[in-house]
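Now for the letters of each chain:
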Amino acid sequence: MDTVTGEDGITRCAWAGAPGPMRDYHDDEWGHPVVGESAYFERMTLEAFQSGLSWATILAKRPAFSEVFAGFDADAVADFDETDVERLMGDARIVRNRSKIEATLQNARAIIALRDDGGLERLILGFAPSTPPPADATTSTESVAMAKDLKRRGFAFVGPTTAFALMQALGLFDPHVPGCHRRKPD
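Just so it is clear, the structure is predicted and the values come from calculations on it, not from any experiment. (Residues numbered from 1 in each chain as written. Predicted model: local features only at pLDDT ≥ 70, side-chain atom pairs only at ≥ 80, totals over all residues. Heavy atoms only, no water.)

Undergrad: So what exactly am I meant to see when it comes to the overall build of the protein chain here?
TA: When helices and strands are counted, the protein chain shows nine helices and two strands. Helices and strands appear in the protein chain in the N-to-C order β-β-α-α-α-α-α-α-α-α-α. Computed over its C-alpha atoms, the radius of gyration of the protein chain comes to 17 Å, within 12% of the 16 Å expected for a compact globule of 186 residues. By its C-alpha atoms, the protein chain is 50 × 35 × 25 Å across when sized along the principal axes. The buried share of the protein chain, reckoned over its 186 residues, is 47%. The long-range share in the protein chain, meaning contacts at least 24 apart out of those at least 6 apart in sequence, stands at 60%. Positive and negative side-chain charges of the protein chain, numbering 20 and 28 respectively, have mean locations separated by a distance of 2 Å. (Helix = DSSP H or I, 4+ residues; strand = E, 2+ residues; numbered from the N terminus. Rg over C-alpha atoms; globule rule 2.2 N^0.38 Å. Buried < 20%, exposed > 50% of the residue type's maximum accessible area, 1.4 Å probe, protein only. Contact = heavy atoms within 4.5 Å. Lys, Arg positive; Asp, Glu negative; His and termini not counted. Charge placed at Lys NZ, Arg CZ, Asp CG, Glu CD.)

This is the structure we're talking about:
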């Protein structure tokens, strides 16, 4: 993977070179651990909606996603019904994909069921790799195992590639390429 030096003189992962939301996300969030169920639910949801789309599209719609999915409160989203699905399908501020919307509701219900077993955060952190995958990887042994376990527990839209992107976003390993200013020293 490549790096790029921005107009500010700082070297970053190539996808985050230009000023704007992508760079801000790269510098301030991507690969940084978060805490709490709603933060994990948000990242999982956004990664699922990103599948097949650009991350820039998802970032632009992120405030609307947060609003329509009740701040990613699993209890609130788990109570959504078909009327809510139709309302969301009519909301142009988000990605209107019925399968992804329904998966988000299903995932909220799975999160609630998981609470008795330590919760979403604990489950996902349990898949942190002992050795970081190569910078150009899109899946790993751990992401395959995470996706399989999440599906077994009733989650949807959590394949190995989405699970890997979730691991990157949550900082389960350092996703920044060598030479990036955000890369931790080895």
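Undergrad: What's the story with the nonpolar core in this structure? I'm lost.
TA: Side chains that are nonpolar tend, in soluble globular proteins, to be buried together. Ranked by internal contacts, the top residues of the largest apolar core, which has 52 residues, are Phe65, Phe69, Leu120, Ile124, Met146 and Phe155. Once you skip the residues sitting within four places of it in the chain, phenylalanine 69 turns out to touch Thr45, Phe49, Val77, Phe80, Leu88, Thr104 and Leu105. (Core = buried A, V, L, I, M, F, W, Y, C linked by side-chain atoms within 4.5 Å.)

Undergrad: Can you help me understand the pattern of salt bridges in this one?
TA: Oppositely charged side chains are able to pair whenever their charged atoms sit close together. In total, this model carries 18 salt bridges according to the counting rule given. Close ionic contact of aspartate 27 with arginine 12 constitutes a salt bridge, the shortest N to O distance being 2.9 Å. Linking aspartate 27 in helix α1 (residues 21-28) with arginine 12 in strand β2 (residues 11-13), this pair joins segments that are 15 residues apart in sequence. Where arginine 115 meets glutamate 37, a salt bridge forms, and the shortest distance between an N and an O atom there is 2.7 Å. With arginine 115 in the loop between α6 (98-114) and α7 (119-125) and glutamate 37 in helix α2 (residues 37-50), the pair connects residues that are 78 residues apart, well separated along the chain. A single salt-bridge network, built from bridges that share partners, covers Glu7, Asp8, Arg12, Arg23 and Asp27. (Salt bridge = Lys/Arg side-chain N within 4 Å of Asp/Glu carboxyl O.)

Undergrad: Just checking my understanding: could you explain the side chain of serine 143 for this structure?
TA: Here serine 143 lies in helix α8 (residues 141-152). Judged by its relative accessible area of 0%, serine 143 is buried. A distance of 3.1 Å separates a polar side-chain atom of serine 143 from the backbone oxygen of proline 160. Excluding its chain neighbours within four sequence positions, the residues that come into contact with serine 143 are Pro160, Ala163, Phe164 and Met167. (Polar contact = N/O pair within 3.5 Å; in protein donor to acceptor, adjacent residues only side chain to side chain.)

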